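# Per-entry structural report
Residue-level listing of the chains:
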Number of protein chains: 2
Amino acid sequence: MAQLVGNAIFGQSGGPTSVINASAAGVITEALKTGCINKVYGAAHGIRGILEEKFYDMSMEDPRELELLKTTPSSALGSVRYKLADPDKDPTDYNKLLEVFKKYNIRYFFYNGGNDSMDTCNKVSKFMQKAGYECRVIGVPKTIDNDLYATDHCPGYGSAAKYVATATMEVYHDARVYDTPMVCVLEVMGRNAGWLTAATALAAYKGEGPDLIYLPEIVFDMDKFIADCKKVYEKNNGKLIVAVSEGIRDKDGRYVSEYGSDLAKEKDSFGHAQLGGVGQVLASVLKKELKCKARAIEFSLLQRCAAHCASATDVEEAFTAGQKAVQFAVEGATDCMVAYERTTDANGNYKCNYVLVNLSEVANTEKKIPREWINEDGTGLTQAFIDYALPLIQGDSRPPMEDGLPRFAKLKKVLVKAE
Amino acid sequence: MAQLVGNAIFGQSGGPTSVINASAAGVITEALKTGCINKVYGAAHGIRGILEEKFYDMSMEDPRELELLKTTPSSALGSVRYKLADPDKDPTDYNKLLEVFKKYNIRYFFYNGGNDSMDTCNKVSKFMQKAGYECRVIGVPKTIDNDLYATDHCPGYGSAAKYVATATMEVYHDARVYDTPMVCVLEVMGRNAGWLTAATALAAYKGEGPDLIYLPEIVFDMDKFIADCKKVYEKNNGKLIVAVSEGIRDKDGRYVSEYGSDLAKEKDSFGHAQLGGVGQVLASVLKKELKCKARAIEFSLLQRCAAHCASATDVEEAFTAGQKAVQFAVEGATDCMVAYERTTDANGNYKCNYVLVNLSEVANTEKKIPREWINEDGTGLTQAFIDYALPLIQGDSRPPMEDGLPRFAKLKKVLVKAE
């Protein structure tokens, strides 16, 4: 495979995670030391930064700050939610991209994100091929949702899972402090796949977790939910912890979070009708049904940016995925995403291999939890899930501390001037 | 002072913190090695456990598990919210306590808690004196609210402050990821004193915190709040982070969280009227006033039980406060609470001394943030607060990890049989 000499651009896309910047550090540091890549550009807010010719010269950054990216949450270059049109219907954006790629001699395109981002990556790759413009396009996966197809797991999931399991264990102890009934509903992110909510099962595995877990993979039935909760509530004399995914739906496909609007109408039974998401909705239902104090706890943004409680395994894998993307591209690969393949080392311990899968395979395919990893009752996870998830949360990663607080990366972000 | 030989009982009371168990470890381990204390009892659910003669023999616990208490959140012995009656009106409980103290020859009473707990401690102490029963009563402070009088700061505050500041910095980065407007309202615990909400100023001090901070010490005015927010929103092109205490009140003394019920009526302007606490209320107001996405984040229980992100300074001081309580009592002190006195070492660095203050001085007096530590505008903290708070969050404490998750103390809790 002939060596391709030119410049590279890297972009971050989709929701933040604790480790997307670790992948950025992997791509950028590897690209900067690769002979055939001259300039390494970082796109401001992903694909939009490329379309608007707003990108940074990464060679201007202090190497120490690039190293700090490994423990800095969110997307340091800025992210974006921008869906490219179907090129056959509207090629405007694609023509602009091609123009920018030519203008800056961009021959390497690395894009870091989830499902939609891999779709973007795929469309750009196919368009450049069709246009006969030689450019190597490699996707780097990322999502706390862990729902990307064709990879064993996703960068970002391990750290989010570690945080969710840890916080759940802490809440478990807090919620048991009084000798009075206490019902907690933990609301976890995950619209269509329950991987992150399932991470609360790791706390349950330690004996310090939720009694019941509700995932989007299982159709939600309010009557069964109430019956399930009553059973546990009576058995544990008033102690009940429920973990629920924001994305649970009923048999009609309606999000349970939408029930809030109905419940709000029943002013009397719900006091001030101060309802939030699905956690608030279910806490209100339990308050009424069990006639007890019920508290909803939403992990909210904390679960996807808690770099102070990240998985060292996740951070290291995310960084390596970034490095591999560059190495694979330089070796000639294109139109692919870096994927994780689970294997075992000589001692039978967990090991992660880095392989390539076609972008068209990954784009827009969601991976859900296999039914056999969910218990028959649909309210918990089996040992198979625990065995799957445990290796991903091993090792502690946290930012270096300054004044007792995390020291996150500070980038100069020197904008590239058009030549 | 004559040596007093007998048994000791220790109880935990009030809301959990990350370090109340560290104080427990201090009291218990110190008491177990003190010659004049024979048995060391741990009360189940504080004062109620004593009234019901439900307490544990702490000498039966594995020393390693007692050590683990230093990094285990919540109250391992169980807590309680139980207000003793005025002994002159109703001496029932006090007579029962005296009976139990005599029956088990309890000569040392250590009680760990906040304002109400120190009131309990004070009442018990005075009653025992009046009854002529020799018993040394020492209170050990604890509260994330940091509102105890006569102590520089409270065990539990440093860790909660460190968590709140850290999580706020992480949210700051997450909330800036897109190039679209983003308004976040962070709701922090603290009903009457704003110490914990003020901890978000530590994140602001790092340049990664809230733009505006609203404390219970300052009367809340909705019109000014909206004007403040609009100004920042326009200046920062759509980026705004507000930190607010759950306890803010308007000029009529009404909790802003109660506005939810009114707002819920304005269905149209608030869509599904899914409102929660004060954070949700203010996010809804900003959504309407700024016509943008506004998200409320409630730190909820996480802020008081995040042992995985505790301050090593706080943990060490809490443990030492427990040890000192026993040492002072053995030396003859009674009717007092252990307090922190801030001083500096030979090199001018922060140092904490442990002193005694009379229980009657502490009981039910709340310490609020001095007005001069709050900026003129009432929307932020001055350097004086930063200088006060920074030393309290230094050093990282976290539980030992097992399988990538915290290993918290597991007590046997061997109930004491009446002789």
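What you see is a predicted model; the values in this text were computed from it and never measured. (Residues numbered from 1 in each chain as written. Chains lettered and ligands numbered in written order. Predicted model: local features only at pLDDT ≥ 70, side-chain atom pairs only at ≥ 80, totals over all residues. Heavy atoms only, no water.)

### What to know about empty space enclosed by the protein
What the rule picks out here adds up to two cavities of 30 Å³ or more. Size it by volume and the second largest cavity reaches roughly 40 Å³. Around the second largest cavity, the lining residues are Thr166(A), Cys309(A), His308(B), Arg398(B), Pro399(B), Met401(B) and Pro406(B). Looking at the lining of the second largest cavity, its residues break down into four nonpolar, two polar and one charged. (1 Å grid on protein atoms, 1.4 Å probe; cavity = no way out; pocket = protein on both sides within 12 Å on 5 of 7 lines; lining within 4 Å. Points joined across faces, edges and corners; volume = space filled by probe spheres on them. Nonpolar A, V, L, I, M, F, W, Y, C, P; charged D, E, K, R; others polar.)

### Regarding the relation of the copies chain A and chain B
Superposing chain A onto chain B takes a rotation of 180° plus a shift of 0.0 Å along the axis, which leaves an RMSD of 0.0 Å. Here the two chains are linked by the operation of a two-fold rotation axis. The share of interface residues of chain A whose copies in chain B are also at the interface is 100%, consistent with both copies meeting through the same surface. (Least-squares fit on C-alpha atoms with pLDDT ≥ 70 in both. Contact = heavy atoms within 4.5 Å.)

### As for the UniProt feature "binding site: substrate" (unreviewed entry) in chain A
Residues and elements named next belong to chain A. Summarizing the sequence annotation, UniProt attributes the feature "binding site: substrate" (unreviewed entry) to Thr 143, Ile 144, Asp 145, Met 189, Gly 190, Arg 191 and Glu 246 in the numbering used throughout. Note that Thr 143 resides in the loop between strand S5 (136-141) and helix H6 (157-174). Judged by its relative accessible area of 7%, Thr 143 is buried. Among residues more than four places away in sequence, those in contact with Thr 143 are Thr 17, Leu 148, Cys 154, Pro 155, Gly 156 and Tyr 157. In this structure the side chain of Thr 143 is engaged in a polar contact, spanning 2.8 Å, whose partner is the backbone nitrogen of Asp 145. Every residue in contact with Ile 144, bar those within four places of it in the chain, is listed here: Pro 16, Thr 17, Gly 156, Tyr 157, Ala 160, Met 189, Leu 196 and Arg 304. (UniProt positions renumbered as here; feature names shortened; annotations may be inferred. Helix = DSSP H or I, 4+ residues; strand = E, 2+ residues; numbered from the N terminus. Buried < 20%, exposed > 50% of the residue type's maximum accessible area, 1.4 Å probe, protein only. Polar contact = N/O pair within 3.5 Å; in protein donor to acceptor, adjacent residues only side chain to side chain.)

### Points about the packing of aromatic side chains
Residue and element names in this part refer to chain A. With the rule as written, the count across this model stands at 36 aromatic pairs over all chains. With a centroid separation of 6.1 Å and an interplanar angle of 80°, the aromatic rings of Tyr 41 and Tyr 104 are classed as edge-to-face. One end of the pair, Tyr 41, is in strand S2 (residues 37-43); the other, Tyr 104, is in the loop between helix H4 (92-103) and strand S4 (106-113), and 63 residues separate them in sequence. Taking the centre distance of 5.2 Å and the plane angle of 70° together, the rings of Tyr 214 and Phe 225 count as edge-to-face. Here Tyr 214 is found in strand S7 (residues 212-214), whereas its partner Phe 225 is found in helix H9 (residues 222-235), with 11 residues between them in sequence. Each member of the pair, Tyr 214 as well as Phe 225, is classed as buried. (Phe/Tyr/Trp six-rings, centres within 6.5 Å; stacked < 30°, edge-to-face > 60°.)

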